[in-house]
Amino acid sequence: MKSRESFRNSDSFRTLISSLISILIGLLAGAVIIFIVGLTNSSISFSGAVEGIKIVLFGVFSTGRSAGGALSFGFNPVNMGNLFFRAAPLVLTGLSVAVANKTGLFNIGAPGQYLAGTCASLFIALSIPSSRMAPGLIWLLALLGGMLAGALWGSIPGMLKAMLNMNEVIACIMTNWIAANLVTWLFDISKLKNTAEGTKTGYIYKTTYNGVATPKFGLDKIFAGSQINGGIIIAMILCVIMYVVMEKTTFGFQLKACGANRYAAKYAGIKDRRNIILSMAMAGAMAGAAGSLYYLSGNTEFFWSTYQSLPAEGFTGIAVALLAVNNPIGVIFSGIFMSMLNISGMQLTYLTAYNEYITDVIIAVIVYMSAFSLIIRTMLAGRKKNIAGANANAEPGKREQTLPDAREMASSSAAVKEKEA
Amino acid sequence: MPSEYIIEMLHITKVFPGIIANDDITLQLRRGEIHALLGENGAGKSTLMSVLFGLYQPEAGEIRKNGEKVEINDPNDATALGIGMVHQHFKLVDVFTVLDNIILGAETTKLGFVQKKEARKRIEALSEKYGLRVDLDAKVEDITVGMQQRVEILKMLYRNNEILIFDEPTAVLTPQEIDELMQMMKDFAAEGKSILFITHKLNEIMAVSDRVSVLRKGKYIGTVNTRDTNAQELSNMMVGRPVQLQVSKTPAQPGEEVLKVEDLSVASHIHKRNAVNGVSFSVRSGEIVCIAGIDGNGQTELIYGLTGLDKSSGRVTLCGHDISRASISKRGEEMSHIPEDRHKHGLVLDFSLEQNMVLQRFNEPRFQSGGFIKNDAVREYAEGLISKFDVRSGQGPVTRARAMSGGNQQKAIIARELDRDKPLIVAVQPTRGLDVGAIEFIHSELVAERDRGKAILLVSLELEEVMSLSDRILVMYEGEIVGEFLQGQVSAEELGLYMAGAKKQGEAAAE
């Protein structure tokens with residue numbers, strides 16, 4: 001029994017360590033880039049470059065500049081609150097990708113599902129007059145509606161995969177763009193375009209226009225002045241639920257069996273087709289919830305003419321899942337970390353002469369590094385594998401499967417980053 | 001004075017982290033002899049051959065050719081030294097012709113153009129000389145496994161290799177083809193070529209080899225002259241304990257009909273014809289019915305149709321219920337299935353051993369309540385099966401199936417399927433690739449199940465297994481059953497003729 005525990009510990013320990021190492025490498029690489037950019041830019045002095053590095057590493061704790069012009073650090077409730085506010089959708093899209101991955105599917109369709117969730121939530125939240133229904137109830141309907149829309153959108157590639165054996169990556173990419181255009185068209189013909197504020201074009205009303213917003217659970221008291229609301233708590237609850245479903249239930253057992261070996265699952269009498277569709281639907285619901293929660297906050301506006309671009313949150317989800325090694329609990333931390341980089345990036349723009357694009361570069365580096373976390377883990381596990389390999393004396397090719405997987409994901413997220421840029 | 005030995009591997013030690021795969025192994029191959037290398041799975045045979053081929057560098061020891069030390073750093077060095085190998089899984093390019101495959105890597109060129117005419121002449125002469133019948137212009141994907149093996153042999157001859165390694169060469173052949181191969185090996189040896197013959201099959205060693213070296217768990221056990229030993233002694237050396245080679249069983253006492261198959265057809269995924277064409281048979285309780293045949297004659301598809309893995313037409317009755325259209329899980333209520341491919345169907349390799357043990361049963365109230373898996377119950381159940389069937393693994397129930405040896409993976413599947421305790425057991429090649437000790441265990445378990453009144457449908461490609469284990473034999477050829485025999489009614493040779501399609505019972509009956 002003891003050896004079992006220590007084995008488990010060492011396995012998850014390896015996972016944690018490898019993720020931390022890759023984050024560290026990513027941050028160091030980011031610092032080097034900051035430094036080089038600083039040195040080649042005449043408007044940034046040596047001390048400016050050092051300041052840049054400080055902000056990249058500790059930007060969340062930045063409290064601006066002191067009277068003497070030096071950077072000051074400390075607890076910054078606005079930054080912290082915004083950190084958690086922005087983390088919620090990242091955690092959920094990360095969860096979406098992680099859940100699909102656990103069942104052997106690569107959900108690159110999170111952006112489309114995110115849009116489907118956004119669209120359904122906004123329509124529900126803005127179309128039911130709050131004079132006729134309690135705003136809290138509208139909010140709940142909007143959230144559930146968004147999740148349902150995401151689930152439906154996710155189940156399309158799932159069905160194509162299950163019935164026609166069509167590659168889910170290709171189907172996901174197509175449904176992403178269908179979603180982008182469909183959403184644009186739906187809002188274009190809707191009455192939800194913001195016309196009250198005449199200076200703005202292209203935006204949908206905030207949900208607060210109808211009195212609907214995510215409850216704050218008192219978090220706004222702790223992080224005064226920030227955009228925070230209960231979204232992050234709901235995201236965490238969903239992560240825990242997904243963890244329990246995947247690890248503790250017979251349903252999760254079936255889904256994982258299908259993902260790990262569809263043929264063996266079929267042999268065991270598990271309905272492989274049904275499970276593929278359900279996996280994608282579940283993943284879609286999580287991405288849908290991400291979109292819902294972000295726009296139901298009441299202080300965000302949706303730019304509806306989105307047919308030329310896909311929401312970055314969806315793609316960042318891939319990096320979040322990768323960094324968490326597809327662990328539903330791990331995505332809470334990696335999602336928050338990604339959000340932290342965003343906040344640091346904004347601080348960098350506010351406080352130094354660096355422009356915001358440099359943060360994107362650093363995020364990209366860390367995304368690359370997060371792919372390495374699987375490779376580092378493989379290296380840490382290498383010793384054990386060799387022993388097993390020598391024992392098993394069989395299937396040397398099959399044992400290497402985890403690695404190409406990692407590479408596949410790395411190159412996809414790299415491609416995604418390029419697209420975003 | 002030239003050395004007595006053409007190749008010597010002296011005191012070879014190869015260490016992988018945590019395990020010594022080869023521990024001070026010495027193998028000396030005489031010029032012109034057939035030297036068998038015998039050992040269980042994981043005994044270190046493959047590692048040793050990989051060292052000889054330059055795929056691994058040994059930590060200690062040296063290799064000599066004709067008494068002189070040589071360095072083999074990669075397979076090219078091995079080829080340059082005249083070492084050739086017929087791998088267990090052939091290394092041929094499917095879409096190339098036989099001729100192209102033979103000359104691949106050793107082409108004669110003129111100004112950068114391949115000179116096929118000369119090559120063709122040489123190959124034709126070689127195949128004439130040794131009776132290696134091949135169609136030089138056929139594509140490899142279109143020829144039989146037997147002919148593919150002849151192509152591999154021609155490759156070695158074309159390269160003038162003088163040391164020929166055969167890795168489990170008889171697994172895919174019919175009895176007649178095996179005889180031909182044995183004769184050919186003797187001819188090569190008589191010409192002065194030296195042969196290393198890796199096998200599990202003791203009767204082949206007894207028939208063809210001059211000397212035998214035995215490995216066990218990475219250690220060198222000894223080398224004996226074949227004429228001074230016997231199969232029993234060799235298997236004891238290999239396993240390290242006395243092994244029962246013959247399956248001991250009493251005559252079958254068949255009871256009522258458990259499985260009835262009527263006019264079953266299964267479409268092929270490779271060609272347009274049916275892979276299984278109108279097959280009818282039945283299996284009664286308390287008997288082992290064996291489907292014999294050469295690989296690829298519809299046995300796999302028959303089982304797929306029977307177990308529901310693939311669509312089929314016709315009628316299948318199990319324990320009185322028509323299951324022709326039933327789902328896999330419905331069929332599984334009265335049927336255990338030891339699948340042909342343990343990695344594709346038998347196990348989820350990335351799941352733990354205990355998870356694999358409940359692959360079909362996780363939904364039973366015993367292992368779940370309210371949709372939540374009872375981990376303790378699963379653990380307890382898996383530990384019970386592990387000790388009952390002696391399944392060995394690194395970390396017990398939590399070991400990943402992938403990290404287990406092939407023999408133990410198979411044992412785990414057999415433990416799971418037999419413990420499900422169903423009236424019908426479908427076992428497809430249950431001993432494939434296993435060593436004598438594991439085969440002995442599996443055979444005795446199957447016989448014990450039969451004696452408990454189970455109906456057993458066994459599919460086997462091993463003639464020896466068919467002859468020793470079955471109570472009734474059905475021979476399949478090109479998707480049809482061409483012969484049915486009771487145990488003892490037919491000789492292995494005659495069975496071979498049916499398997500090769502040279503004889504058919506329907507015709508004989510018509511006489």
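Residues numbered from 1 in each chain as written. Chains lettered and ligands numbered in written order. Predicted model: local features only at pLDDT ≥ 70, side-chain atom pairs only at ≥ 80, totals over all residues. Heavy atoms only, no water.

Undergrad: Please set out the overall build of chain A residue by residue, giving values where relevant.
TA: Looking only at helices and strands, one finds 15 helices and two strands in chain A. Here chain A, with 421 residues, has 55% of them falling under the buried criterion. As displayed, chain A offers around 18100 Å² of accessible surface, 65% of which is attributable to carbon and sulfur atoms. (Helix = DSSP H or I, 4+ residues; strand = E, 2+ residues; numbered from the N terminus. Buried < 20%, exposed > 50% of the residue type's maximum accessible area, 1.4 Å probe, protein only. Areas by Shrake-Rupley, 256 points an atom, 1.4 Å probe, with all protein chains shown as cover.)

Undergrad: Tell me about the confidence of the model for chain B, residues and numbers included.
TA: Predicted coordinates in regions of low pLDDT should not be interpreted in detail. Averaged over all residues, the pLDDT of chain B is 88; the fraction at 70 or higher stands at 97%. Taken over the whole predicted complex, pTM reads 0.75, whereas the ipTM for its chain interfaces reads 0.76. (pLDDT = per-residue confidence, 0-100.)

Undergrad: Let's hear about the sheet that holds strand S16 (residues 313-318) of chain B: which residues, and what values?
TA: All names here are of chain B. Strand order in the open sheet made by the four strands is S14-S13-S16-S17, with antiparallel pairing throughout. Each edge of the sheet is formed by a strand with only one pairing partner; in this case those strands are strand S14 (274-284) and strand S17 (321-322). Sheet topology places strand S13 (residues 257-267) next to S14; seven bridges connect them, and they run antiparallel. Across the sheet, Glu257 pairs through a bridge with Arg284, a residue of S14. (Pairing = 2+ DSSP bridges.)

Undergrad: So what's going on with the pattern of salt bridges? Which residues, and what values?
TA: All names here are of chain B. Within the structure shown, the criterion is met by 41 salt bridges over all chains. The salt bridge involving Glu71 is made with Lys69; its shortest N-O contact spans 3.9 Å. Residue classification places Lys69 among the exposed residues on the basis of a relative accessible area of 53%. A salt bridge links Asp137 to Arg120; the nearest nitrogen and oxygen atoms lie 2.9 Å apart. Of the two residues, Asp137 is situated in the loop between helix H4 (116-130) and helix H5 (145-158) and Arg120 in helix H4; the sequence distance between them amounts to 17 residues. Counted as one network, the salt bridges with shared partners bring together Lys249, Arg450, Asp451 and Asp471. (Salt bridge = Lys/Arg side-chain N within 4 Å of Asp/Glu carboxyl O.)

Undergrad: Run through the side chain of Thr26 of chain B, naming residues and quoting values.
TA: All names here are of chain B. With respect to the helices and strands, the residue Thr26 is situated in strand S2 (residues 19-30). Note on Thr26: relative accessible area 16%, which makes it buried. A polar contact is formed between the side chain of Thr26 and the backbone nitrogen of His11, at a distance of 3.1 Å. With near-sequence residues (within four places) excluded, Thr26 lies in contact with Met9, Leu10, His11 and Tyr220. (Polar contact = N/O pair within 3.5 Å; in protein donor to acceptor, adjacent residues only side chain to side chain. Contact = heavy atoms within 4.5 Å.)

Undergrad: Just give me the short version of the side chain of Gln429 of chain B, but keep the residues and values in it.
TA: Note that Gln429 of chain B resides in the loop between strand S21 (424-428) and helix H15 (436-451). Aside from chain neighbours lying at most four places away, what touches Gln429 of chain B is Glu340, Gln410, Val459, Ser460 and Leu461 of chain B.

Undergrad: Explain unusual backbone geometry to me, and be specific about the residues and the numbers.
TA: Among all residues save glycine, negative phi is the norm, and among peptide bonds the norm is trans. Residues and elements named next belong to chain B. A positive phi angle, near 50 degrees, is found at Cys319, a position not held by glycine. By the secondary structure assignment, Cys319 is in the loop between S16 and S17. In this structure, Glu478 is a non-glycine residue whose phi angle is positive, near 45 degrees. Inspection of the secondary structure assignment puts Glu478 in the loop between strand S23 (472-477) and strand S24 (480-486).

Undergrad: Could you give an account of the packing of helix H12 (residues 312-323) of chain A against helix H13 (residues 330-351) of chain A, with specific residues and numbers?
TA: Residues and elements named next belong to chain A. The contact between H12 and H13 brings their axes to 8 Å, and the two run at 130 degrees. Relative to H13, the element H12 lies oblique. Pair H12 / H13 crosses with right-handed handedness. Where H12 approaches H13, its residues Thr316, Ala319, Val320, Ala321 and Leu323 are matched on the opposing element by Val331, Ser334, Gly335, Phe337 and Met338. (Axes fitted to C-alpha atoms, helices over the stretch in contact; angles between N-to-C directions. Parallel < 35°, antiparallel > 145°, perpendicular 65-115°, else oblique. Left-handed = near helix turned anticlockwise from the far one by under 90°.)

Undergrad: Could you give an account of the pairing of S23 of chain B, with specific residues and numbers?
TA: All names here are of chain B. Among the six residues in S23, five count as buried, and that is most of the element. Across four bridges, strand S15 (residues 288-292) lies against S23 in parallel orientation. Looking across to S23, one finds that Val289 is bridged to Arg472. Where S23 lies against S24, six bridges are found, and the strand directions are antiparallel. Note that in S24 the partner of Tyr477 across the bridge is Glu480. Hairpin geometry of S23 and S24 is characterised by an intervening segment of two residues between the two adjacent antiparallel strands and by a positive phi of about 45 degrees at Glu478.

Undergrad: Quick rundown of a nonpolar patch on the surface? Include the residues and the values.
TA: All names here are of chain A. Where nonpolar side chains cluster on the molecular surface, the patch consists of Ile170, Met174, Ile178, Leu182, Trp185 and Ile189 and spans about 600 Å² of accessible area. Relative to the helices and strands, Ile189 resides in the loop between helix H6 (168-188) and helix H7 (219-222). Residue Ile189 is classed as exposed on the basis of its relative accessible area of 54%. (Patch = residues over 30% accessible without salt bridge, like charges linked within 9 Å, V, L, I, M, F, W, Y side chains within 5 Å.)

Undergrad: Explain the domain arrangement of chain B to me, using residue names and the numbers behind them.
TA: Residue and element names in this part refer to chain B. What the domain assignment reports for chain B is domain 1 (5-239) and domain 2 (257-334 + 422-510). The straight-line distance from the C-alpha centre of domain 1 to that of domain 2 is 33 Å. Taken together, the contacts link 11 residues of domain 1 with 14 residues of domain 2. The tally of links from domain 1 across to domain 2 stands at zero salt bridges. Summed over the shared surface of domain 1 and domain 2, the number is zero residue pairs in polar contact (both at pLDDT 80 or more). Those elements that place two or more of their residues in the side of domain 1 that touches domain 2 are helix H6 (175-190) and helix H8 (231-239). Looking at the side of domain 1 that touches domain 2 element by element, the count peaks at three residues for H8. (Domains from an automatic or database assignment.)

Undergrad: Give me the lowdown on the state of the cysteines, citing residues and values where you can.
TA: Counting across every chain of the model gives zero disulfides over all chains. Sulfur of Cys172 of chain A: no disulfide; nearest cysteine sulfur belongs to Cys258 of chain A and is 17 Å away. (Disulfide = S-S within 2.5 Å.)

Undergrad: How would you explain the packing of helix H5 (residues 135-164) of chain A against H6 of chain A if you had to name every residue and give the values?
TA: Residue and element names in this part refer to chain A. Where H5 meets H6, the axes come as close as 9 Å, and the angle between the chain directions of the two elements is 145 degrees. When the axes of H5 and H6 are compared, the crossing they make is right-handed. Contacts from Trp153, Ile156, Pro157, Leu160 and Lys161 in H5 reach Glu168, Ala171, Cys172, Thr175, Asn176, Ile178, Ala179 and Leu182 in H6. Here the contact of H5 with H6 is built from residues that sort into nine nonpolar, two polar and two charged. (Nonpolar A, V, L, I, M, F, W, Y, C, P; charged D, E, K, R; others polar.)

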